[in-house]
Amino acid sequence: LARFDGRSFRAFDTTTNPELPHSRFAGMVVDDAGRLFVALQTGELLRLVGGRFVTVGGADGLPPGKTLRLRTRQGKAVVETEGGIAVWSEGRFVA
């Protein structure tokens, strides 16, 4: 995975970001605020915060189960998991 900021590319993998469990990405979206959300093939959902990936889970309002689909709607990140659908709003997912 690489991100271009208009001037240069930055690579994200297990070498540059050891917090990543692996580099098998299944999907990604960037919302209107520039937040990057990444779904892994194993079903985890991550968010890029301050150059590091953090796992998004139930404490963040994410419905339970593996991430099945990741998209944007009206500029907001929308995730579908085995347990339901939620939209990122004001710092957390809301079902």
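Now for a quick tour of the structure. (Residues numbered from 1 in each chain as written. Predicted model: local features only at pLDDT ≥ 70, side-chain atom pairs only at ≥ 80, totals over all residues. Heavy atoms only, no water.)

## What to know about the overall build of the chain
Helices and strands together make up the secondary structure of the chain, namely 0 helices and 10 strands. Put simply, the chain runs from its N terminus to its C terminus through helices and strands in the order β-β-β-β-β-β-β-β-β-β. Relative to its length of 95 residues, the chain is compact, with a C-alpha radius of gyration of 13 Å against a globular reference of 12 Å. C-alpha extents for the chain along the principal axes are approximately 35 × 25 × 20 Å. Expressed as a percentage of contacts within the chain between residues at least 6 apart in sequence, the contacts between residues at least 24 apart total 31%. (Helix = DSSP H or I, 4+ residues; strand = E, 2+ residues; numbered from the N terminus. Rg over C-alpha atoms; globule rule 2.2 N^0.38 Å. Contact = heavy atoms within 4.5 Å.)

## Examining the pairing of strand β6 (residues 52–56)
Pairing of strand β5 (residues 45–49) with β6 involves 5 bridges; the strand directions are antiparallel. Following the sheet pairing, Arg 47 is matched in β6 by Val 54. (Pairing = 2+ DSSP bridges.)

## Focus: the sheet that holds strand β8 (residues 76–81)
Taken together, 4 strands build an open sheet; the order of strands is β7-β8-β9-β10 and the sheet is antiparallel. The sheet terminates laterally at β7 (67–73) and β10 (92–94), the two strands that pair on one side only. Sheet twist, expressed as the average angle between the axes of neighbouring strands with direction ignored, equals 30°. Across 4 bridges, β8 lies against strand β9 (residues 84–89) in antiparallel orientation. Bridge pairing links Glu 80 to Ile 85 in β9. (Axes fitted to C-alpha atoms, helices over the stretch in contact; angles between N-to-C directions.)

## Considerations on the side chain of His 22
Structurally, the position occupied by His 22 is in the loop between β2 (9–11) and β3 (25–30). Looking at His 22, the relative accessible area reads 10%, which means it is buried. Engagement of the side chain of His 22 in a polar contact is seen with the backbone nitrogen of Arg 24, the distance being 3.1 Å. Look past the residues within four positions of His 22 in its chain and what remains in contact with it is Thr 14, Leu 40, Gln 41, Thr 42 and Glu 44. (Buried < 20%, exposed > 50% of the residue type's maximum accessible area, 1.4 Å probe, protein only. Polar contact = N/O pair within 3.5 Å; in protein donor to acceptor, adjacent residues only side chain to side chain.)

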